[in-house]
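# Analysis of the macromolecular model
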Amino acid sequence: MPDTSYDTIVIGVGGMGSAAVYQLAKRGHDVLGIERYDIPHRRGSSHGDTRIFRLTQPEHPDYVPLAERARTLWRRLEAESGADLLTTTGSIHAGPEGSEVVAGAVDSCEAHDVPYEVLSGTELNERFPGYELPDGHRGVFQPDGGYLACERAISTHVEQAFSHGATVRAREAVREVDIGENDVTVRTDRDEYTADSLVVAAGAWAGKQLEFLSDFLTPERRIMGWFQPKAPDRFAPSNFPVFSVDVPAGHYYGFPVFERSGFKIGMTPESPAPIDPDEWDDEPTVDDERDLRRLLDDNFPDAAGETLRLTTCIITSSEDGHFYLDTHPEYGHVSIAAGFTGHGYKFCSVVGEVLADFATDGATDNPIDVHRFEDRI
């Protein structure tokens, strides 16, 4: 009969959970990771080939040291595994002159001596001809940004965790979590497991696993698309920085062409509707495609070729836009990562380290004050 008792159980083996399983196993913990879908899968927040990595953090200057630590850990994982995970292209945050996105990007760089340039729309278009932004826009270019191969990174974390003795069970749904004073019991649709500590990295399902979070997390549907460039060289990684832009059509983000065909973009709707992650429409629509193409037609016309692929994902918003990374308010042996609000994947490597710190030491040296539960929940 297989062992059902562990040092730590990790619920969710996506971007954050896979990093936590790896970090715990590397420290010698007997760890079990439980994933309700495949590893990786396309029902959550960690798929779609690529995710942006950036040191520029308009969300809050305190994010910058965490991003720098994440970069160190991504490079360390590459060295240990031999996998190519993080590609540097530079990053651009752009919007109208005087806009919050531009000011916030500059402030975050200034606060931590991160090198950057501010370019007019015309200057940006001349340097990176794939772009066609209005001259009245300003773009904050930061040379250390780029993109992560998101599914590959999950698989790499899991493979490295296996090499340190971790157990991971996919296609197994958690049905009940009982938290004791000094232990936890997790019941799934297949078995029952016990552990000294618990990590919850369940993405859109975190509020269903821990009821106290349910009022503070909002899962939302997002759309991504890949389009055939008319001038492919302009959208190669060597010529095209990743971007986040505010334009009249809305807020969009995008990437150079990476491995599969197509220039990838995504959109953040102005008023997203909440969804139930167990019951939502994951099939892209004609309206979804039309919304994405507005950006191409207006600002990236050399990429406005045929549609090659559309897909959906889920992001889970927090109440204030800052993700939650802390131990349970009542139970110190339960640690939680949730509510990444569409800008969390870049932090997976360091979030895994923080969660492992909590499980093994009860505390972390990483700078996470803005992400604590105190005064927020």
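Everything here concerns the structure above.
The model shown is predicted, which means the values in this text are computed figures rather than measured ones. (Residues numbered from 1 in each chain as written. Predicted model: local features only at pLDDT ≥ 70, side-chain atom pairs only at ≥ 80, totals over all residues. Heavy atoms only, no water.)

Contact geometry of helix H1 (residues 15–26) with helix H8 (residues 348–361) gives a least axis separation of 7 Å together with a crossing angle of 50°. Overall, the two elements H1 and H8 adopt an arrangement that is oblique. The two elements H1 and H8 meet at a crossing, and its hand is right-handed. Counted together, Gly 15, Met 16, Ala 19, Ala 20, Gln 23 and Leu 24 of H1 and Cys 348, Ser 349, Val 351, Gly 352, Glu 353, Leu 355, Ala 356, Ala 359 and Thr 360 of H8 form the full contact between these two elements. Among the residues making up the contact of H1 with H8, the classes are represented as nine nonpolar, five polar and one charged. (Axes fitted to C-alpha atoms, helices over the stretch in contact; angles between N-to-C directions. Helix = DSSP H or I, 4+ residues; strand = E, 2+ residues; numbered from the N terminus. Parallel < 35°, antiparallel > 145°, perpendicular 65-115°, else oblique. Left-handed = near helix turned anticlockwise from the far one by under 90°. Contact = heavy atoms within 4.5 Å. Nonpolar A, V, L, I, M, F, W, Y, C, P; charged D, E, K, R; others polar.)

For any two aromatic rings, the description comes down to two numbers: the centre-to-centre distance and the angle of the planes. Following the criterion strictly, the structure yields 24 aromatic pairs and no others. Taking the centre distance of 5.8 Å and the plane angle of 75° together, the rings of Tyr 131 and Phe 243 count as edge-to-face. Here Tyr 131 is found in the loop between helix H4 (121–127) and strand E7 (137–142), whereas its partner Phe 243 is found in strand E14 (residues 242–247), with 112 residues between them in sequence. Residue classification places Phe 243 among the buried residues on the basis of a relative accessible area of 1%. Relative to Phe 373, the ring of Phe 212 has its centre 5.7 Å away and its plane inclined at 80°; by these criteria the two rings are edge-to-face. Note that Phe 212 is positioned in the loop between helix H6 (206–209) and strand E13 (217–227) and Phe 373 in the segment after H8, a separation of 161 residues in sequence. For Phe 212, a relative accessible area of 24% corresponds to the partly exposed category. According to the relative accessible area criterion, Phe 373 is buried, its value standing at 5%. Each member of the aromatic cluster is reached from another via a ring pair, and the members are Phe 128, Tyr 131, Phe 141, Phe 235, Phe 240, Phe 243, Phe 263 and Phe 300. The lysine or arginine in question, Lys 264, covers the ring of Phe 255, its NZ or CZ lying 4.4 Å from the ring centre. (Phe/Tyr/Trp six-rings, centres within 6.5 Å; stacked < 30°, edge-to-face > 60°. Buried < 20%, exposed > 50% of the residue type's maximum accessible area, 1.4 Å probe, protein only. Lys NZ or Arg CZ within 6 Å of the ring centre and 35° of its normal.)

Any functional reading would require information that these geometric values do not contain.
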